[in-house]
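# A structural walkthrough
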Protein chains: 2
Amino acid sequence: MEAEENRVPGGAAPEGYDRYAFEPFAVTVDLAVLTVRAGALQVLLVERGTEPYAGRWALPGGFVLPRESAEEAARRELAEETGLSDLTGLHLEQLRTYSEPGRDPRMRVVSVAFAALLPDPPEPHGGGDAAQARWLPFDGLGPLAFDHDRILADAHERVGAKLEYSCLATSFCPPEFTLGELQHVYETVWGTALDRPNFRRKVLATPGFVEQVPGAARLTGGRGKPAALYRAGGAKVLHPPLLRPTP
Amino acid sequence: MEAEENRVPGGAAPEGYDRYAFEPFAVTVDLAVLTVRAGALQVLLVERGTEPYAGRWALPGGFVLPRESAEEAARRELAEETGLSDLTGLHLEQLRTYSEPGRDPRMRVVSVAFAALLPDPPEPHGGGDAAQARWLPFDGLGPLAFDHDRILADAHERVGAKLEYSCLATSFCPPEFTLGELQHVYETVWGTALDRPNFRRKVLATPGFVEQVPGAARLTGGRGKPAALYRAGGAKVLHPPLLRPTP
DNA sequence: CCCTTTATGGTCGTACTGACCATGGTCAAG
DNA sequence: CTTGACCATGGTCAGTACGACCATAAAGGG
């Protein structure tokens, strides 16, 4: 039900809305942007310059503008923070909305959180307004600003779970990748080692997960036998799923 | 990032917030309340009495109050709509947030949608303010108000997916239930028939999914052999999952 | 030339699943 | 009372998937 009830006096009613009073909220987006770099899971963070939490790292984000959806706001903010222009193929997944009254000490802010996955990202050049944007390793992060620790933990959990039953892992990889790189995505996000032949068997047995680039091969940094290159296939779901090893 | 940027002139800045301008949004919750009644999946809907969409069915919901979270608002609204007082054990799951600018023609409304599951629910007595609240079968619903068709479809998809890898199905059942009733939940939500012995084997082989009530048995409406009664166990996840049959 | 490293291919036993068949208890109709 | 419908329960059997290996191939470094 939308704007149906009249319980909240004190809000400003927009034109034509004299029957309905409502409480205004600020609506923002927060972005948990993950990538696999240098063999580790990394997160895009910005350093806060103002109170509260001045000097702390925080997730990038910002206000939702009057004429855009939260998804559009998330893409806009991400483009501004990273300086990337082409985010069309980017996987952006809505995590959940955080609405606890005290989460921002200054005012009532409802924040729609998104998880985004980037392959081989550029170093952010602190694009527009953010004080400083950097990639930082996921492990060993100090406490973040606001409730961003929890948002980031939720993003990690969600991405880890989606790797099990979707073909999402290719979003972490460049357009052409080796099966070793794809396996490394799983191992990095899950924090567990996988058996290489078994992983290979599973991936190749799933129709549409990956398709081989004919004739191409790449050396994985010069060591070992050259690996065949693959592209992401058309499939979106993994059936049956690729479950995390149970410890 | 919270309330960090100054891009939106025209919003009212609360006290102490002169540095930050923001656009106020109305924030509501929408509830997709599902149950299994009379052998069919049913949804709790309210009939709208005012424009827009007067006379259409809509999901119950309402404004988030200034001092409550979206989860608290959802529980409060649900209690008001159904007249139920004890919703402590109720499974409430945040679906996602719908924020497209045109989804409410009157004003900018951002809605946090929840899916709720009720076992054997009472007939709602149109409790507080809602014009009329009723359980309606999920199949064959005419178009709902606003974007509630999509929210309901998302809720159905989410619940169906969660049945696969969680013990959520017991939330549809009364405190004590037969395995036939539990299987019926799966069949109703998924819309597929399941093999009874195989379902039974799978459920009993999962530790903590259900535990038998000693000595108790119930006739399933008088026909057939009496079935043993079970309670929900302590487990929350299903490992390995109980996958939908692939058609 | 040997060793390390990585990719790729295969085997084998176990666990799980889907498709059955069989039995037993209860009710209702004949 | 008998019979059949109906449902719960128990079991079999084969195909599949998966984990734990072993083996081979191709590259680079000492």
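An unreviewed UniProt entry lists chain A under the name NUDIX hydrolase, with Streptomyces populi as the source organism. Under the Sequence similarities (unreviewed entry) heading, UniProt states for chain A: "Belongs to the Nudix hydrolase family."

The next point concerns the packing of aromatic side chains. Residue and element names in this part refer to chain A. For the coordinates displayed, the defined rule picks out seven aromatic pairs over all chains. Relative to Trp 190, the ring of Tyr 186 lies with its centre 5.0 Å away and its plane at 75°, an arrangement referred to as edge-to-face. Highlighted residues: Tyr 186 and Trp 190, both in helix H3 (residues 179-190), separated by four residues, approximately one helical turn. Residue Tyr 186 is classed as buried on the basis of its relative accessible area of 0%. You can call Trp 190 buried: its relative accessible area is 11%. Site record: aromatic cluster; members linked through ring pairs are Tyr 186, Trp 190 and Phe 199. The residue whose ring lies beneath Arg 96 is Tyr 98, and the NZ or CZ to ring-centre distance is 4.5 Å.

Before going further, it helps to spend a moment on the side chain of A:Ser166. Residue and element names in this part refer to chain A. As for its position among the elements, Ser 166 is in the loop between helix H2 (148-165) and H3. On the basis of relative accessible area, Ser 166 is assigned to the buried category, the value being 7%. Polar side-chain contacts of Ser 166 include one of 2.6 Å to the backbone oxygen of Lys 162. Setting aside anything within four residues of it in sequence, one finds Ser 166 in contact with Tyr 186, Lys 236, Val 237 and Leu 238.

Turning our attention to the pattern of salt bridges. Residue and element names in this part refer to chain A. This structure, assessed with the given rule, holds 24 salt bridges over all chains. The closest approach of N and O atoms between Glu 80 and Arg 76, which form a salt bridge, is 3.6 Å. Remark: Arg 76 and Glu 80 occur in helix H1 (residues 70-82); sequence separation between them is four residues, near one turn of the helix. Here Glu 80 falls in the partly exposed class, since its relative accessible area comes to 26%.

Here the focus is the protein's contact with DNA strand D. Looking at DNA strand D, there are 23 residues lining it, with A:Asn198, A:Arg201, B:Arg196, B:Arg200 and B:Ala228 nearest. The share of sugar and phosphate among atoms of DNA strand D within 4 Å of the protein is 61%. For DNA strand D, a phosphate oxygen lies 2.9 Å from a polar atom in the side chain of A:Lys202. Side-chain polar atom of B:Arg196 to a phosphate oxygen of DNA strand D: 2.4 Å apart, as the coordinates give it. A class-by-class count of the residues in the surface near DNA strand D yields seven nonpolar, six polar and 10 charged.

How each quantity is defined
- Residues numbered from 1 in each chain as written.
- Chains lettered and ligands numbered in written order.
- Predicted model: local features only at pLDDT ≥ 70, side-chain atom pairs only at ≥ 80, totals over all residues.
- Heavy atoms only, no water.
- UniProt positions renumbered as here; feature names shortened; annotations may be inferred.
- Phe/Tyr/Trp six-rings, centres within 6.5 Å; stacked < 30°, edge-to-face > 60°.
- Helix = DSSP H or I, 4+ residues; strand = E, 2+ residues; numbered from the N terminus.
- Buried < 20%, exposed > 50% of the residue type's maximum accessible area, 1.4 Å probe, protein only.
- Lys NZ or Arg CZ within 6 Å of the ring centre and 35° of its normal.
- Polar contact = N/O pair within 3.5 Å; in protein donor to acceptor, adjacent residues only side chain to side chain.
- Contact = heavy atoms within 4.5 Å.
- Salt bridge = Lys/Arg side-chain N within 4 Å of Asp/Glu carboxyl O.
- Near = heavy atom within 4 Å.
- Nonpolar A, V, L, I, M, F, W, Y, C, P; charged D, E, K, R; others polar.

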